[in-house]
Amino acid sequence: MLAMRLYNSMVSGNCYKVRLVCAQLGLDLELHELDVVDRSNRPEVIGALNPALRVPTLVLDDGRPLAESNAIIDFLADGTPLLPDDPYDRARVLAWQFFEQYEIEPNLAVVRFYAIFGLTAPPGLVEARTSAGVRALQALERGLDDRRFLIADRYSVADVSLYAYVHVAGEGGFDLTGFPNVEAWLARVAEQPGHIPITQA
Ligand SMILES: N[C@@H](CCC(=O)N[C@@H](CS)C(=O)NCC(=O)O)C(=O)O
């Protein structure tokens, strides 16, 4: 059987979500690395697969493409313990994943992007995104009150989605020491069977 192909970037938390879920589910991936700074070859490489020209883009073993990190991991996890069966719990997974894409990723990931590539951001952008990122982390801290994991006290793709950029928030200058629930949850996620670090292909 052909392996699935992942158009990937090793620095991307969104791509890491897919590699992490595949590692935990024992699914093979063939990685095709794309540059996230020089994006000039995107139209010819993934133009027919993902109209947004972004990574991650997954191509299933039957050739069908799938875009959007959270859609990809939910698809891969369907029918496994990583995605709840209960409709209410599945909706809560989505609620956390929409929160991640609207509140966490545009702030934590963007600040980290400028930091790790040493790029100059437009004036005021880093300050604004840092403040919004801290507010998002405060919301996550409240969401983890008296909880081991985000949904049903069980590790799920919701944890994967939030973990991806929160665990590397320090690379963007965020200090997590004021977020004890978040810090304890990050450690629990990293202890899950089959866990791999973001640096692992
Ligand atoms: N909502 C998308 C975001 C994907 C995304 O922003 N990918 C970045 C890398 S993390 C990218 O391809 N950036 C290049 C570009 O936007 O042209 C997802 O969750 O998959």
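Up top you'll find the structure we're talking about.
**Student:** Any chance you could explain the overall build of the protein here in plain terms?
**Tutor:** Looking only at helices and strands, the protein has 7 helices and 4 strands in total. In the protein, the succession of helices and strands from N to C terminus is β-α-β-α-β-β-α-α-α-α-α. For 201 residues, the compact-globule estimate of 2.2 N^0.38 gives 17 Å, and the protein sits close to it at 17 Å. When the backbone C-alpha atoms are referred to their principal axes, the protein occupies close to 45 × 45 × 25 Å. Every one of the 201 residues in the protein was classed for burial, and the buried ones make up 47%. Taking as baseline every contact in the protein between residues at least 6 positions apart, the subset at least 24 positions apart corresponds to 69%. Positive and negative charge centroids in the protein, built from 17 and 27 side chains respectively, lie 3 Å apart.

**Student:** Explanation requested: the layout of surface pockets in the structure shown.
**Tutor:** Over the atoms, a rolled probe matching the size of one water molecule traces out where space is still vacant. Taken as a whole, the largest pocket encloses approximately 760 Å³ of empty space. Together, 28 residues line the largest pocket, and Asn-14, Arg-54, Val-55, Glu-105 and Tyr-165 are the ones closest to its centre. Among the elements of the structure, helix 4 (87-117) and helix 5 (125-143) are those that each provide at least two residues to the lining of the largest pocket. Of the residues forming the lining of the largest pocket, the biggest block, 10 residues, is contributed by helix 4.

**Student:** I would appreciate a short explanation of unusual backbone geometry in the present structure.
**Tutor:** The general pattern is negative phi for most residues beyond glycine and trans for most peptide bonds. Pro-56 follows Val-55 through a cis peptide bond whose omega is 5 degrees. Of note, the phi angle at Leu-53 is positive, near 60 degrees, even though the residue is not glycine. With relative accessibility at 29%, the residue Leu-53 sits in the partly exposed group.

**Student:** Is there a simple way to think about the site of the ligand in this case?
**Tutor:** Taken together, 13 residues form the shell around the ligand, and within it Arg-54, Val-55, Glu-68, Ser-69 and Gln-101 come nearest. With respect to the ligand, the side chain of Arg-54 contributes an N or O atom lying 2.8 Å from an oxygen atom. Glu-68 is positioned such that a nitrogen or oxygen atom in its side chain is 2.7 Å from a nitrogen atom of the ligand. About the coverage of the ligand: the protein hides 83% of its 500 Å² of free accessible area. Among the cavities detected, the one that contains the ligand is the largest pocket. The residue makeup of the shell around the ligand, split by class, is 4 nonpolar, 4 polar and 5 charged.

**Student:** Honestly, the packing of aromatic side chains in this entry has me stumped. Any pointers?
**Tutor:** For any pair of aromatic rings, the description consists of the separation of the ring centres together with the inter-plane angle of the planes. Going through the model one piece at a time under the given rule, you end up with 6 aromatic pairs. Each ring, one from Tyr-16 and one from Tyr-163, has its centre 6.3 Å from the other, and the planes form 45 degrees; the classification is tilted. Of this pair, Tyr-16 sits in helix 1 (residues 13-25) while Tyr-163 sits in helix 6 (residues 157-166), and the two are 147 residues apart along the sequence. Assigned by exposure class, Tyr-16 and Tyr-163 land together as buried. Judged by centre distance (5.7 Å) and plane angle (80 degrees), the rings of Phe-113 and Tyr-114 are edge-to-face. A relative accessible area of 24% means that Phe-113 is categorised as partly exposed. Linked through ring pairs, Tyr-16, Tyr-163 and Trp-185 together constitute an aromatic cluster.

Basis of the calculations
- Residues numbered from 1 in each chain as written.
- Predicted model: local features only at pLDDT ≥ 70, side-chain atom pairs only at ≥ 80, totals over all residues.
- Heavy atoms only, no water.
- Helix = DSSP H or I, 4+ residues; strand = E, 2+ residues; numbered from the N terminus.
- Rg over C-alpha atoms; globule rule 2.2 N^0.38 Å.
- Buried < 20%, exposed > 50% of the residue type's maximum accessible area, 1.4 Å probe, protein only.
- Contact = heavy atoms within 4.5 Å.
- Lys, Arg positive; Asp, Glu negative; His and termini not counted.
- Charge placed at Lys NZ, Arg CZ, Asp CG, Glu CD.
- 1 Å grid on protein atoms, 1.4 Å probe; cavity = no way out; pocket = protein on both sides within 12 Å on 5 of 7 lines; lining within 4 Å.
- Points joined across faces, edges and corners; volume = space filled by probe spheres on them.
- Near = heavy atom within 4 Å.
- Polar contact = N/O pair within 3.5 Å; in protein donor to acceptor, adjacent residues only side chain to side chain.
- Areas by Shrake-Rupley, 256 points an atom, 1.4 Å probe, with all protein chains shown as cover.
- Sits in = over half its atoms within 2 Å of the grid points.
- Nonpolar A, V, L, I, M, F, W, Y, C, P; charged D, E, K, R; others polar.
- Phe/Tyr/Trp six-rings, centres within 6.5 Å; stacked < 30°, edge-to-face > 60°.

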